[in-house]
Every structure is written in C-alpha cells, then in structure tokens.
Amino acid sequence: MADITLNWLAKVYPGGVRALGGVDLTVRDGEFFALLGPSGCGKSTLLRTIAGLEAATGGSVHIGGRDVTALPPGDRGIAMVFQDYALFPHMTVTENIAYPLKIKKVGRAERTAKARETAEELGLGHLGERRPGQLSGGQQQRAALARAMACHPGVFLLDEPLSNLDARMRLEARTFLKKLQRELGVTTVFVTHDQAEALALADRVAVMEGGELRQVGTPTEVFRRPAGTFVASFIGSTPMNLLEARVTDGGRAVLVAGRELPVPEHAASLVAEGEKLVYGIRPEYLRWSDEAVGAALEGTVSVVENLGSAQLVTLECADGTTSVQVVVPEDHEPAVGTRGWAVPRGERALLYRDGSLVTAAPAPAAQVPA
Amino acid sequence: MSAPTAPRPADDHGPGRGPVGQLLRGVGAYLLVALALGFFALPMLWLAAAPFDRHPGVTASLPEFTLDSFRRLWHNPNAVDSLASSLVLAVGSAVLVVGLSALAAYALSRVRLRGRDGLLYALLLLSSIVTGTAAMVPIFLLAAELNLVDSYLGVILVLTGGLLPAAIFILKDFMDTTPRSYEESARVFGASPLRVMKDVVVPVVRPGLATVGVWTVAQVWGNFLIPFLLLRSPDKSPAAVVMYTFYTEGGQPDLALISTFSLLYSLPVVLMFLFVSRRYGFRFHGGIKA
C-alpha cells in the first residue's frame, strides 16, 4: 500500500508543448482517485508520468514515501491497466495474468497457480485457456485487472478503464470496479473524461484543464461547490446555469435577467454594490413554479427534454438573451410556450468573480465512507 | 402478375437472350477461362512430365516413363552440391534479413525521427540499384578488396543489403499496427527493452517475420546474377547458376537434365511456402498490412 505525492510536477514535450504545468497533489493511501478533464487537458500525461512511461521535465513523484522520479516504470511498485487493456494476443488469459510474475522470476508452477487463483476471484476461472480475442469486452477488462492485481502493486493506475465498454456493461463494470477497489484497499488513480464516472467511483476527484489542476475535492465538493466556472460547467450531467449578474441593494441581492435574487449567505459580505459577477445555479437546484414568485427567474418555456424520471425545461427569460435550464420532477410537465418561474435554492446558488468562486464558507462536509 | 409461371416477355428479346444464347455465352466464358488456365498450366505440366520422359522435348506430352534423368543428375558432380549451396545462401540471408530488418523496423516504427518516411522510400528505391546490374562492377571491386569474392559470406552480404530496405518497409507496417500499449504494459511490469521485444513484439509480428523470411529465401533461391559473378569455383555455385551449365557438348540445352533439376530446384521453395503458410498464415490484405 502506498500514497502518491506529486511536487510541482511538470512535463514539457520536445517542441515546447506544455502538457503539465507544475502539479502539486497528494493521493492518500488506499484512496480511489479520479483525474477528470476534457481531452487534451493533460490527465493521461499525468497518469503516464506517475507510471514512469513519460519522463517528468520538472518536479518529483513520490510513491510510498520513495522518490521514484528517475526510476523506470518496473521499479515503481505500480500496475497499470490501459484503455485497450493491452492483453497480449498470443498468450492465454492465464499466461497473461502470470506474465508480471514471470518477469519477477516467479517459478512456473507458482505463478500459474497464482494466476488461476486471481482469475477465479474475478470470475474468469473458466476462461483461463482462452485467448484475449475470444473474450467479451467486460471479460477482457477483468483479465487486465487480474493481471494488474497478480503482482500485488502498491498503486493501481487505470487509464480510461470503462471507455471501451458499451453503455450497459459500463454501469455494471463501474459497480464492480468500486467494490473491487474497496476490497483490495489499493491506492488507485484513474483517468476519465466522463464526469459521471468520476463522481460515481472516486473518493476524490481532481479536475484538470490545460495541464493544471482546477479543483481537487470529494465528488460532493466538486459538484456542489465548483471552484471555478470551468469546473462548474464541466461537472454535472446537465450543465450549470451560468448567468450574468450585477450586485444591487447594497450587496444583499444580485440582478439576473431583470430579476432580483438574494446573494447566497456564504458570499454575503464579499460582494460590492454594482459589481458584475456570474451567478451559477444547477438545474437540479431550481424549483419550478407555475405561479409568480418573488425571488425567482421568470421566462417562457422553449424546450422540454425528457430525462426519464424528470424533465429538463429550458426557460427563455424576459430580457431575450438569457436562457435557464430547470429540472422539473416527472409528475409535472410544463407545456412549451407557457410562462414559468424558477426559484433557486438559496444555499446552492454560487457567485463567480473572474471565473473563481466567491465564498467565505468552508467546503461542504466530505462524504467519504470510513 | 396474372400468370407468374409464364416466361417474362423480356426474355424473348433478341437472339442472345434466349436459352440457347445463354448456353452459348456460358460455353464461351468457360472456354475462355480454360484457355487462360491452360496457358498458365502448360509450363507446370511440362515441369511435372519432362523429368520422367525418356525423350523430353519443349512440348508437354505424356512421358515415356523413366527415372534415368534423376540417375544422371545424381552423378553430376555439381547438381546436388549446388542445392546445398543454395540452401546455405538462402538460410544465411534469411537469418540476416529477418534479424536486422526486425530491429530496424521496430526502431523506425517507435522512434520519432524527422524525414523517416523519406529515408525509407529512398532506401527502397536505391535497393533495386544495389542488387541490379548497374552496381555490379563497384560491388565486385568492393568484394575483391574485402577478400569476399568466392565466399558465401560475400554473396550473403550483398543479397542481404539489397533485400533489407524492402524487408524493413514490410516489417515496419507490421510494427506500426502493433499497439504501443502492449509494450508499455510489459514495461510497467518491469520488462527490459530486449525482454519486451522477445516476449511481446516478436510473437505479435511473427506472421510478418515469417513473410519476410519466406520472401527472402525465395528471392535468394532465384537469384542468378550475384552468385554467378561473386562465386568463382564451380563447387560453390548455387542451383540457379548450375542450371545454366546443363548443355550438351553440341551447345543444345540438355532438356532432360534441365527439367529434372528444375523440379528438384522448385520443390524446396514450394514446400516452404506450404509449411509457413500453414504454420503462420500469410496475412496480406491489400498491400502489406497485418
């Protein structure tokens, strides 16, 4: 078991492309940690630099208290599962799982027994003699996990572990992966571009953009209290409403699309009269009302999208330029063209100044199971 | 619609559309195919029949059966040796070409290098000159300087040099289609570069290696010019060169010996193709992809 500490880790590719611009990060022992971001944000480079597949051009990597910055991947006590699983096509499943042990010069009988046992644990017992090409996507993923587990690494690194599975398998594999990580208790870092995957799996999430960390926190933190507008718009299955706002009423209210809304309590004393800010509120945190309400956004329904158990309603506000999305529970479906009001849950509203959150409150309680 | 069993009126238009016309066209097509097949099959038939014929001619005919030609060939001082000599040259070149081109192709496929593709194309283009007639004089002089005239090594090196670029070109394609994640995965488990090559890369590109090996053997087996020029002693000459000596005193080609020797000469290559194709399966799909 091991923790990972990155100190000012940087990676500049020959030619001057800066993939990582000084990353400071600590992943705790036994933690399930997600690196989340859009493609090209440096998350894969970060994972590969931790693995040692890319050489850092600055800073250091410590795994389990040991400086591994200059060590080759094989000496870092890690195991990695690749996006395409990288199972060797010319070996059987058992041989694949036994391969890391073969490199570590474990005897044939012992490593085969160990590989069989690991395969059994992951429900691959009957597939040991098959070649990877004869397995389904989910089975290949398990075989790759088994191969990583067999050598008892201190750290698991998973590169887009679920992206090669079809949508249905993905949910199943997600639950499986989370359970497996809990049982093994191995520090695990995984890369994903899917925010739902990161929120569902990870104990903590690092959101990356342009080779830098934008926010590190529990799923609850990054969902409820995004540190910046980038994180706010990236996290959440329905994007957060980010609306132009101006502070009025002596700093007690903001004017959004012609309506006065109260300044959230955690930002109350931090804003100045007349200041231009961005008002952020998630569609889930807006309450729908058919009747006029005081502190609410008002508009005409332009689009209704069915989300299954709810509807995503788009309101065109009276000023003609602002549109707001509201999640409306399934028992009520506003018709297109009708007027409606969206009431923000005050404590969930957020204010952003120059792209970063205005707040005095500490981060919301972490919901990490003990 | 009303009478579905009646022939459709369109079938009766013109003489070529009726059942007789269709039959004629069918016969014509088969005749054409048969002619084309015959054209290519006749030399094969001659090769199969002439060695067993008491009086072989240049036409394929049912042989007057005899094994005399084989007996004569067995007593010819150079014939059997030359097959062994061919084998030495072919296997030697194949080992060198496969080994060197695998290493070069792997490196070229994995290392980012400016002008890499240009280099490959230039090599490919030049290789046809290296083993061609144009460069024979300098190559001969070079071999003479290096004391490589009349040695197997000299022939093997020249042939290898000529075949390497194309071999690298073919193998690089195989290497390119091998995902890097295979190697990275092995590296993460602690495998050294040579180990990665041995455990992962070579097995994955094995069909490519087999292809290049077979291709090299076939090329060397059939090469006449270079061994003819570089090997001076008759007992070292490979089969392709020795065949050239089967003439009667009168200067007429000795068809009995030539046909018999041709059969023996082509058998090893055919057998090798069959073996390798069964063992590894050739993977040529529109070009040189794995």
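Conventions adopted
- Residues numbered from 1 in each chain as written.
- Chains lettered and ligands numbered in written order.
- Predicted model: local features only at pLDDT ≥ 70, side-chain atom pairs only at ≥ 80, totals over all residues.
- Heavy atoms only, no water.
- Domains from an automatic or database assignment.
- Buried area = accessible area lost by both parts, 1.4 Å probe.
- Salt bridge = Lys/Arg side-chain N within 4 Å of Asp/Glu carboxyl O.
- Polar contact = N/O pair within 3.5 Å; in protein donor to acceptor, adjacent residues only side chain to side chain.
- Helix = DSSP H or I, 4+ residues; strand = E, 2+ residues; numbered from the N terminus.
- Nonpolar A, V, L, I, M, F, W, Y, C, P; charged D, E, K, R; others polar.
- Buried < 20%, exposed > 50% of the residue type's maximum accessible area, 1.4 Å probe, protein only.
- Contact = heavy atoms within 4.5 Å.

Chemist: When you look at the domain arrangement of chain A in this model, what are you seeing that I'm missing?
Modeler: Many authors give the size of an interface as the accessible area that is lost as the parts come together. Residues and elements named next belong to chain A. Here the domain parsing of chain A yields domain 1 (4-233) and domain 2 (238-357). Summed over both partners, the interface of domain 1 with domain 2 buries about 1000 Å², with 58% contributed by carbon and sulfur atoms. Contact with domain 2 buries area across many residues of domain 1, yet Phe223, Arg224 and Thr229 alone supply 47% of it, more than any other trio. Where domain 1 meets domain 2, there are zero salt bridges. Our count for the domain 1 to domain 2 interface comes out at four residue pairs in polar contact (both at pLDDT 80 or more). Looking at the side of domain 1 that touches domain 2, the elements with two or more residues in it are α7 (219-224) and α8 (229-234). Of the residues that constitute the side of domain 1 that touches domain 2, the class distribution is five nonpolar, three polar and two charged.

Chemist: What is the right way to read the pattern of salt bridges from this model?
Modeler: Pairs may arise between side chains of opposite charge once their charged atoms sit close together. Overall, the coordinates contain 22 salt bridges over all chains when judged by the stated rule. A salt bridge links A:Arg214 to A:Glu209, with the nearest nitrogen and oxygen atoms 2.7 Å apart. By relative accessible area, which is 38% here, A:Arg214 ends up partly exposed. In this structure, the salt-bridge partner of B:Asp117 is B:Arg116, at a minimum N-O distance of 3.6 Å. Exposure remark for B:Asp117: the relative accessible area of 41% places this residue in the partly exposed category. Here the salt bridges do not stand alone but share partners, grouping A:Lys11, A:Arg48, A:Glu54 and B:Glu184 into one network.

Chemist: Teacher, can you tell me more about the domain arrangement of chain B here?
Modeler: Residues and elements named next belong to chain B. Split by domain assignment, chain B resolves into domain 1 (9-66) and domain 2 (77-279). Contact with domain 1, which involves eight residues of that partner, is made by seven residues of domain 2. Buried surface at the junction of domain 1 and domain 2, both sides included, amounts to about 610 Å², of which 83% is carbon and sulfur. The tally of links between domain 1 and domain 2 comes to zero salt bridges. Put simply, domain 1 and domain 2 have zero residue pairs in polar contact (both at pLDDT 80 or more) between them. Its residues placed into classes, the side of domain 1 that touches domain 2 shows seven nonpolar, one polar and no charged.

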